[in-house]
Structure formats: structure tokens, C-alpha cells
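Residue strings, one per chain:
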Amino acid sequence: MAHLVFDPDEQAALRADARDHALTDPGVAYVLERLASEGVDLEQCADWEDLRTAAGLPARESTSAA
């Protein structure tokens, strides 16, 4: 299983950003803190195009802006 973890400096930066967002956007603060503490399980990640298809959205055209 692939798992991405952040080094201590990156964790500190994520936590500082979480504190900055705590009052204005607690949802973002929560996600940033979870990323800092747990990292990312890459096996659970989904491709953007797979999510679009699952939601019934049409595929992006190659000429459309990202």
C-alpha cells in the first residue's frame, strides 16, 4: 500500500495553515490538520476523470482549461 507522509517541516507548515483557517473555514483547517498528522493513503485516491464519470459528467475536452 502506498502512503504519502510529510516531513516535519511540511507538517508544521500544514498545521500553521490550519490555524490560519480555523476561524474562517474550519473544514479546511480540519483537512489540513489530518493531512499533517496522517498523510495520504494513495490507494484511496481517485483520478479526477474517474470521479467525473462516476458523477455522470461528460469527459473534459483536451482544449478546455484545467
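Scroll up to find the structure.
Thresholds, definitions, all that
Residues numbered from 1 in each chain as written. Predicted model: local features only at pLDDT ≥ 70, side-chain atom pairs only at ≥ 80, totals over all residues. Heavy atoms only, no water. Axes fitted to C-alpha atoms, helices over the stretch in contact; angles between N-to-C directions. Helix = DSSP H or I, 4+ residues; strand = E, 2+ residues; numbered from the N terminus. Parallel < 35°, antiparallel > 145°, perpendicular 65-115°, else oblique. Left-handed = near helix turned anticlockwise from the far one by under 90°. Contact = heavy atoms within 4.5 Å. Nonpolar A, V, L, I, M, F, W, Y, C, P; charged D, E, K, R; others polar. Core = buried A, V, L, I, M, F, W, Y, C linked by side-chain atoms within 4.5 Å. Buried < 20%, exposed > 50% of the residue type's maximum accessible area, 1.4 Å probe, protein only. Salt bridge = Lys/Arg side-chain N within 4 Å of Asp/Glu carboxyl O.

Q: Which residues make up the packing of helix H1 (residues 8-21) against helix H2 (residues 26-38), and what values go with them?
A: Across the interface, H1 lies against H2 with an axial gap of 8 Å and an inter-helix angle of 165°. Comparing the axis directions of H1 and H2 gives the class roughly antiparallel. For the pair H1 and H2, the crossing hand works out as left-handed. Within the contact between the two elements, H1 uses Gln-11, Leu-14, Arg-15, Asp-17, Ala-18 and His-21 and H2 uses Pro-26, Val-28, Ala-29, Leu-32, Glu-33, Leu-35, Ala-36 and Ser-37. Residues of the contact of H1 with H2, tallied by class, amount to eight nonpolar, three polar and three charged.

Q: How would you summarise the nonpolar core if you had to cite specific residues and measurements?
A: In this structure, Leu-14, Ala-18, Ala-29, Leu-32 and Ala-36 together form the largest nonpolar core, which totals five residues. Where this core is concerned, the elements lending two or more residues are H1 and H2. Sort the elements by how many residues they give to this core and H2 lands first, with three residues. If near-sequence neighbours (up to four positions away) are discounted, Ala-29 is found in contact with Ala-18, His-21 and Ala-22.

Q: Residue-level account of the pattern of salt bridges, with values.
A: Pairing is possible between side chains of opposite charge, provided their charged atoms come close. This structure, assessed with the given rule, holds three salt bridges. Measuring nitrogen to oxygen at the nearest pair gives 2.9 Å for the salt bridge that ties Arg-34 to Glu-38. Placement of the pair is Arg-34 and Glu-38 together in helix H2, with a separation of four residues, close to one helical turn. Among the ionic pairs, Arg-52 bridges to Glu-49, the shortest N-O distance being 4.0 Å. Note that Arg-52 and Glu-49 are positioned in helix H3 (residues 48-54) at a spacing of three residues, about one turn of the helix. Here Arg-52 falls in the buried class, since its relative accessible area comes to 16%. For Glu-49, a relative accessible area of 23% gives the class partly exposed.

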